[in-house]
Amino acid sequence: MLYDTIIIGGGAAGLSAALYNGRYGHKTLALIGEGFEGSTMETWGVENYPGYLSINGTDLIEVLKKQAQNVGAELKEKYIHHISKKGKIFSVHYNNHYDEAKTIIYAAGTMRRKLGVPNEDILKGKGISYCATCDGPLFRNKLVGVVGGGDSAAKAALILAEYTEKVYIIIREESFTAEPINIQRASENPKIEVLFNSHIDEFIENNGMLAGAKLHTGKIIDLVGLFIEIGGVANTEPIKKLNVEYTKNGYIKVDCTGETNLAGFFAAGDVSDAFGGFKQIITAAAGGVVASHSAHNYLVKNSK
Ligand SMILES: Cc1cc2nc3c(=O)[nH]c(=O)nc-3n(C[C@H](O)[C@H](O)[C@H](O)COP(=O)(O)OP(=O)(O)OC[C@H]3O[C@@H](n4cnc5c(N)ncnc54)[C@H](O)[C@@H]3O)c2cc1C
């Protein structure tokens, strides 16, 4: 089927774009991935999204989905494999099926960056996790660690401190880069111990499960859960065949209106370099809205 716009992504950016696209009256399909995933969905206790004192990502997503559907956007829980372009029309491929669109708003977010320590992949799901909100409750009363010094690491440690006996935060640098309020909360939490200037060289295993981490100093920390929170890598695999420009870190280059170098192709949220790379729910939502406005202008101009 031919749509005015196909949106890729069911996070704050994609669903906000769907809301505006629907309100513009454009025939819109949003392909939102499958299940509980994406940074917006996984974020717990959001206190800096205007209009809410505190809201969980899952609840925010439910509201955004309803808003988009209320204005006629069609949502499908599907993963796309790739997008191609012939003339002015894009084809979006998923599940041996494709739909076509005059414009694309690409908002597929990021996937978590790996630490690169041997056996990380083997121990994933056996102690190593990339989502404290999803897996934290599995480590009730256990010793766990978080790797990273940014906001997501500080927030992950605070979530984990609610369930676990103790949380080590392992930070390569000599200080946090998180928001001051999260640094203060983590530093004052009696269950959290911060290890600055530290990195993991090796994982210790017991019967195929994570049992500890050996630091570069040779010190071994006993822990059965380790949450890697060292940022993300843009989800751009499905668009590799399109001639889209990226930053040196692999994010899609957009101007302040969400436009990329490719006519009819717009991008928003964490997958892009919008807002100087400031990756938050509010900037993702705003980016989605601006991209929808640009797609609208493009559709109007190209229908004449
Ligand atoms: C632990 C953590 C805590 C955070 N805390 C806060 C906070 O307190 N406040 C704040 O403002 N920000 C916070 N952030 C940042 C914020 O969550 C993100 O900046 C924002 O949610 C990004 O939204 P997005 O829509 O760009 O991407 P996402 O929310 O990641 O959405 C991407 C979407 O794309 C979909 N997708 C991916 N690949 C495909 C594909 N091939 N086909 C179809 N769909 C696909 C996914 O399923 C998902 O629905 C936090 C981030 C993390 C990791």
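These figures come from a predicted structure and were not determined experimentally.

Some details on the sheet that holds strand 9 (residues 143-147)
In space, the 5 strands of this open sheet follow the order 8-15-9-10-11, with parallel pairing throughout. Only two strands of the sheet have a single partner each, and these edge strands are strand 8 (128-129) and strand 11 (192-195). Across 4 bridges, strand 10 (residues 166-170) lies against strand 11 in parallel orientation. When the sheet's bridge partners are listed, Ile 170 is paired in strand 11 with Leu 195. Each of strand 9, strand 10, strand 11 and strand 15 (225-228) touches helix 6 (residues 151-163); the most contacted strand, strand 9, lies at about 165° to it.

What about the environment of Gly 225?
Position of Gly 225 among the secondary structure elements: in strand 15. As for Gly 225 and Met 209, which are separated by 16 residues in sequence, their C-alpha atoms are 9.4 Å apart. Those residues in contact with Gly 225 that lie beyond four places of it in its chain are Gly 127, Phe 139, Leu 143, Val 144, Gly 145 and Leu 210.

Thoughts on the sheet that holds strand 14 (residues 220-222)
One open sheet accounts for 3 strands, arranged 12-13-14; its pairing is antiparallel. Looking at which strands have only one partner, the edges of the open sheet turn out to be strand 12 (200-206) and strand 14. Each neighbouring strand pair of the sheet contributes to a mean axis angle of 30°, computed without reference to strand direction. In this sheet, strand 14 lies alongside strand 13 (residues 209-215) in antiparallel orientation, the contact comprising 3 bridges. From the neighbouring strand, Ala 213 faces strand 14, where its bridge partner is Ile 221.

Describing the site of the ligand
Near the ligand lie 33 residues; those nearest to it are Glu 37, Ser 39, Thr 40, Asn 48 and Lys 155. Interatomic distance of 2.8 Å between a backbone N/O atom of Ser 39 and an oxygen atom of the ligand. Burial of the ligand by the protein chains amounts to 92% of its free accessible area of 1000 Å². Contributions of two or more residues to the shell around the ligand are made by helix 1 (12-23), helix 2 (39-42), helix 6 and helix 8 (281-303). Class assignment for the residues of the shell around the ligand results in 13 nonpolar, 14 polar and 6 charged.

Some details on the environment of Gly 149
Turning to its location among the elements, Gly 149 is positioned in the loop between strand 9 and helix 6. Those residues within four positions of Gly 149 in sequence are excluded, and the remaining contacts are Ile 171, Phe 176, Thr 177 and Ala 178.

Let's talk about helix 3 (residues 57-70)
Across its 14 residues, helix 3 extends 20 Å between first and last C-alpha, which sits within 8% of the 20 Å expected from 1.5 Å per residue. When we look at burial in helix 3, the residues that qualify are Gly 57, Leu 60, Ile 61, Leu 64, Lys 65 and Ala 68. Buried residues along helix 3 cover an arc of 140° about the axis, so they all sit on one side. Projecting away from the buried face of helix 3 at angles above 90 degrees are the exposed residues Lys 66 and Asn 70. If you follow the buried residues of helix 3, they end up packed against helix 1, helix 2, strand 3 (74-76) and helix 8.

Observations regarding the packing of aromatic side chains
What the rule picks out here adds up to 6 aromatic pairs. Their ring planes at 45° and their centres at 6.1 Å tell us that Phe 90 and Phe 265 sit as a pair that is tilted. Here the residue Phe 90 occupies a position in strand 5 (residues 89-94), and Phe 265 occupies one in strand 17 (residues 265-267), the gap between them amounting to 175 residues. An identical accessibility class is assigned to Phe 90 and Phe 265; each is buried. Pairwise contacts between aromatic rings join Phe 90, Tyr 106 and Phe 265 into one cluster. Between Lys 240 and the ring centre of Tyr 246, over which it is positioned, the NZ or CZ distance is 4.6 Å. The ring of Tyr 251 is capped by Lys 279, whose NZ or CZ atom sits 4.2 Å from the centre of that ring.

Description of the packing of helix 1 against helix 3
Axis separation between helix 1 and helix 3 bottoms out at 8 Å; the angle between their running directions is 25°. Relative to helix 3, helix 1 is oriented roughly parallel. Considering the relative orientation of helix 1 and helix 3, their crossing is left-handed. Seen from helix 1, the contacting residues are Ala 12, Leu 15, Ser 16, Ala 18 and Leu 19; seen from helix 3, they are Ile 61, Leu 64, Lys 65, Gln 67 and Ala 68. Here the contact of helix 1 with helix 3 is composed, by residue class, of 7 nonpolar, 2 polar and 1 charged.

How each quantity is defined
Residues numbered from 1 in each chain as written. Predicted model: local features only at pLDDT ≥ 70, side-chain atom pairs only at ≥ 80, totals over all residues. Heavy atoms only, no water. Pairing = 2+ DSSP bridges. Helix = DSSP H or I, 4+ residues; strand = E, 2+ residues; numbered from the N terminus. Contact = heavy atoms within 4.5 Å. Axes fitted to C-alpha atoms, helices over the stretch in contact; angles between N-to-C directions. Near = heavy atom within 4 Å. Polar contact = N/O pair within 3.5 Å; in protein donor to acceptor, adjacent residues only side chain to side chain. Areas by Shrake-Rupley, 256 points an atom, 1.4 Å probe, with all protein chains shown as cover. Nonpolar A, V, L, I, M, F, W, Y, C, P; charged D, E, K, R; others polar. Expected span 1.5 Å × (residues − 1). Buried < 20%, exposed > 50% of the residue type's maximum accessible area, 1.4 Å probe, protein only. Arc of directions from axis to C-beta. Phe/Tyr/Trp six-rings, centres within 6.5 Å; stacked < 30°, edge-to-face > 60°. Lys NZ or Arg CZ within 6 Å of the ring centre and 35° of its normal. Parallel < 35°, antiparallel > 145°, perpendicular 65-115°, else oblique. Left-handed = near helix turned anticlockwise from the far one by under 90°.

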